[in-house]
Amino acid sequence: MPELFIGGQWTTAAEGRTREIRCPADGTLVAAVDEAGPEDAAAAVAAARDAFDRGPWPRTPAAERGRLLLRVACLLERDKAAFARAESLDTGKRLVESEYDMDDIANCFRYFGNLGAAGGTDRVVDAGSPETDSRVVHEPVGVCSLITPWNYPLLQTAWKVAPALAAGNTFVLKPSELTPHTAILLMRALAEAGLPDGAANLVLGAGDTVGAPLTSDERVDMVSFTGGLVTGRRIMAAAAPTVKKVALELGGKNPNIVFADAEFDTAVDYALMAVFLHSGQVCSAGARLLVEDSLHDAFVDEVVRRAREIRLGGPFDEHARTGPLISAAHRDKVEAYVAAGLAEGAVLRLGGARPEDPALSGGFYYPPTVLDECAPGMSVVRDESFGPVLTVERFRDEDEAVALANDTVYGLAGAVWTGDAERAHRVAARLRCGTVWINDFHPYVPQAEWGGMKQSGVGRELGPAGLAEYQEAKHIWRNTAPRPQRWFE
């Protein structure tokens, strides 16, 4: 069955190429899918451009657009099992995690459906004259290229597709070539919900052959990308000649700060979840553990003890608590990352080598790894591993904790653990992060903006600002009693 969706039609790749998708948990074949090329990307952009310039979607009332998104949310709930299974087969993550993700995705479509339908962003401007009608309206940006990652394939897609459609845009979606199946299912849901032909287009393929044309094509008005910093820089450069609008979420090296007065057992529990959830393949993972010096030894000993008990396994293993990495190449990168940290003087407390269990030999597993006695300047402290690797640093006081936490080019998320509410809010205010959790880690809601400071990105997803990313503000000034000015007489 064809897997590219262009102009409302399912089609095969122009060059006839396909790509095998294999489950990272055991290497089994999930499916072979169409592999698009530049010709397919150009056709998808042309379809989206025509749908925006001449199609009904941008001119559909906001309330009706919102109702369509609400129908999509219902379809996601109806087909939750199929979506979750497809996500787990592509990513290798535990099925229960994928099921949680599906609930969040449906909530995202529901939130933007209600937000878009409510309107309320247009406003009258007091121009200081009773003869002037001045107002600001918000219109869709146009054609959007949406490029999404492999770690949370449909969640990251929903964060882009839902606000883009709510605002009245058309789009071309390019999911990661490693995890395409939930994007395919979403296109079917959008069509079933009644989205006009050409408003949503899907191309599958690698970034250099498909993603690159989507970022440079002059017919594209906006690029929204979630992924790595290096690719994000390339996208900014590719979009610059045509001065496209760009929204980027580029990951982080996120500090998890634990003061000595934190509730011990709870802070340990969350420190584990912060970094080892989905084998660390989370942009907001709390991969940097900063512990007050007086607490360090006991706290790290307990983290290591409990991390040693984390069971690895595939998506349908009910006893597993975390899964594989996405690919052999990614596991190689994580191994090299750990080796570099040890060469720089980090102390290996746990993990650091592939598991010996023969039951895991068919997948790309890497165990929870703890590197203690890390220091600023080490590559493992500076760079993002995107794997199950926890680095541990000591601090003596509040000022040093903040200085260490902010000593990074990233600024996506961070957390502070303390029983002192005033200190918690002081530290939260000083952290240069787009999201700060106090005595918690990882939760988010679609009503609140998500995004990073510094080199963690540009713009915001979710919340009202997430909708605004896909809108252009236009000022309309009407003189209700025009008369000659005689300026040049």
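In what follows, the structure referred to is the one given above.
Quick notes on the rules
- Every chain begins its residue count from 1, and numbering advances along the sequence as written.
- Two thresholds apply to this predicted model, a pLDDT of at least 70 for residue-level local features and 80 or more for giving and counting side-chain atom pairs, whereas whole-chain, interface and lining totals are computed over all residues.
- Side-chain measures were taken over the full set of non-hydrogen atoms in the model, leaving aside hydrogen atoms and water.
- Structural elements are reduced to axes, namely lines fitted to C-alpha atoms, with helices fitted over the stretch in contact, and the angle between N-to-C directions of any two is expressed from 0 to 180 degrees.
- The helix count covers DSSP runs of H or I at least four residues long, the strand count covers runs of E at least two residues long, and both are numbered beginning at the N terminus.
- The scheme is simple: roughly parallel for angles under 35 degrees, roughly antiparallel for over 145, roughly perpendicular for 65 to 115, oblique for anything else.
- Residues count as neighbours in contact if any of their non-hydrogen atoms are within 4.5 Å of one another.
- Think of it as three bins: nonpolar holds Ala, Val, Leu, Ile, Met, Phe, Trp, Tyr, Cys and Pro, charged holds Asp, Glu, Lys and Arg, and polar takes everything else, Gly as well.
- Strand pairing follows a simple DSSP-based rule, namely that at least 2 bridges must link the two strands.
- Note on definitions: salt bridges are taken to be side-chain nitrogens of Lys or Arg within 4 Å of carboxyl oxygens of Asp or Glu.
- Between buried and exposed lies partly exposed: a residue is buried under 20% and exposed over 50% of the maximum accessible area for its type, with that area taken using a 1.4 Å probe on protein chains only.

Enquirer: Quick question: what am I supposed to make of the packing of helix H2 (residues 62–78) against helix H5 (residues 153–166) here?
Expert: Two measures define how a pair of helices packs: the angle their axes make with one another and the distance between the axes. It is at 9 Å that the axes of H2 and H5 come closest, and there the two elements cross at 155 degrees. The pairing of H2 with H5 is recorded here as roughly antiparallel in orientation. For the pair H2 and H5, the contacting residues are Arg-65, Leu-69 and Leu-76 in the first and Leu-154, Ala-162, Leu-165 and Ala-166 in the second. Among the residues forming the contact of H2 with H5, the class breakdown is six nonpolar, no polar and one charged.

Enquirer: I'm lost on the sheet that holds strand S6 (residues 132–140) in this one. Help?
Expert: Strand pairing in a sheet relies on backbone hydrogen bonds. The paired strands run either parallel or antiparallel. On the basis of which strands lie adjacent, the open sheet formed by three strands has the order S5-S6-S20 and antiparallel pairing. The outermost strands of the open sheet, each flanked by one partner alone, are strand S5 (123–125) and strand S20 (471–479). Across the sheet, the mean angle separating the axes of adjacent strands is 30 degrees when strand polarity is ignored. Both S5 and S6 contribute to a ladder of three bridges, which runs antiparallel. What sits directly across from Arg-123, in S6, is Val-136.

Enquirer: How should I be thinking about the pattern of salt bridges in this particular structure?
Expert: Opposite charge on two side chains allows them to pair when their charged atoms are near. Applying the stated criterion across every chain yields a total of 35 salt bridges. Across the pair Arg-219 and Asp-217 runs a salt bridge whose closest N-O atoms are separated by 2.8 Å. Residue classification places Asp-217 among the buried positions, given a relative accessible area of 16%. For Asp-269, the salt bridge identified is with Arg-306, shortest N-O distance 3.1 Å. Of this pair, Asp-269 sits in helix H9 (residues 264–276) while Arg-306 sits in helix H10 (residues 293–307), and the two are 37 residues apart along the sequence. On the basis of relative accessibility, which here comes to 33%, the residue Asp-269 falls in the partly exposed class. Here Arg-306 falls in the partly exposed class, since its relative accessible area comes to 29%. Among the charged side chains, a network of salt bridges with common partners joins Asp-293, Asp-297, Glu-373 and Arg-394.

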